[in-house]
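Below are the chains, spelled out letter by letter.
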Amino acid sequence: MPGIFGLIDRNHRQVPEKIPMGMGNSMKHDELYIHNWMILDSCALGIVELESSYNKNSLVCVKDGSLACVLRGNVYNKKELSEKFGIENTSSHLNDAQFILDLYGKKGLDFVKYLNGLFNVTIYDTEADQLLVANDRYGFYPLFYLLDANMFIFASEVKAVLRASGKPPVMN
């Protein structure tokens with residue numbers, strides 16, 4: 001199933017490549033899906049998509065590596081917000097993930113209040129050492145997470161969270 005995944009090590013340790021690779025593989029249900037991911041210091045972000053609809057712009061990072069964004073879904077009011085907040089270039093080559101980074105740059109954490117659409121979005125800000133994970137106001141796409149003393153792990157499928165945690169599931 002298409003979706004996003006990621007984690008941040010709360011002790012600022014480098015994330016081993018096998019963790020995001022394993023998370024992505026656990027969400028790929030057959031050969032029709034591909035996954036793409038990146039590691040920035042103590043954070044890993046990724047997305048799983050159908051190969052036929054692969055959008056290499058749903059996982060973006062600014063040139064200096066200070067901001068990264070992964071997006072599943074769409075922002076419907078991009079043109080309106082671009083005009084309202086002076087974000088240039090609303091043509092089709094400014095993808096939704098890049099637009100979200102630009103809006104985050106203008107509005108900070110409040111950017112999500114302005115978005116209209118169906119999405120899961122994650123922004124990692126290396127300068128502020130913040131990881132923001134947000135869902136649209138309707139919760140259209142599922143999002144699961146685990147927070148413990150060492151890691152914050154999230155994904156669109158619970159099995160990816162369990163895979164990254166290395167802990168067996170426990171009934172409560």
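If you're wondering where the values come from, they're calculated on a predicted model, not measured in any experiment.

Peer 1: What is the right way to look at the pairing of strand β6 (residues 117-125) in this model?
Peer 2: Side-chain positions along a regular strand alternate between the two faces of the sheet. Taken across its 9 residues, β6 has 8 buried, putting it largely inside the fold. Here strand β5 (residues 67-75) runs beside β6; their pairing, made up of 9 bridges, is antiparallel. Looking at β6, one finds that Val70 is bridged to Thr122. In the sheet, β6 pairs with strand β7 (residues 130-135) via 6 bridges, with the strands oriented antiparallel. Counterpart to Asn120 in the pairing with β7 is Asn135. The antiparallel pairing of β6 with β7 creates a hairpin that spans 4 residues between the two strands, and Asp129 there sits at a positive phi of about 50°.

Peer 1: Any chance you could explain the confidence of the model for the chain here in plain terms?
Peer 2: The predicted coordinates should not be examined in detail at positions where pLDDT is low. Residues of the chain with pLDDT of at least 70 account for 95%, and the chain-wide mean is 91. Mean pLDDT in the chain bottoms out at strand β2 (residues 33-40), which sits at 91, and peaks at strand β9 (residues 151-155), which reaches 98.

Peer 1: Sorry if this is basic, but what is going on with the pattern of salt bridges here?
Peer 2: Pairs may arise between side chains of opposite charge once their charged atoms sit close together. Tallied over the full model, the rule gives 5 salt bridges. The shortest N-O distance in the salt bridge between Asp148 and Lys167 comes to 2.8 Å. Of this pair, Asp148 sits in the loop between β8 (144-147) and β9 while Lys167 is found in the segment after α4 (158-165), placing the two residues 19 residues apart along the sequence.

Definitions and cut-offs
Residues numbered from 1 in each chain as written. Predicted model: local features only at pLDDT ≥ 70, side-chain atom pairs only at ≥ 80, totals over all residues. Heavy atoms only, no water. Buried < 20%, exposed > 50% of the residue type's maximum accessible area, 1.4 Å probe, protein only. Helix = DSSP H or I, 4+ residues; strand = E, 2+ residues; numbered from the N terminus. Pairing = 2+ DSSP bridges. pLDDT = per-residue confidence, 0-100. Salt bridge = Lys/Arg side-chain N within 4 Å of Asp/Glu carboxyl O.

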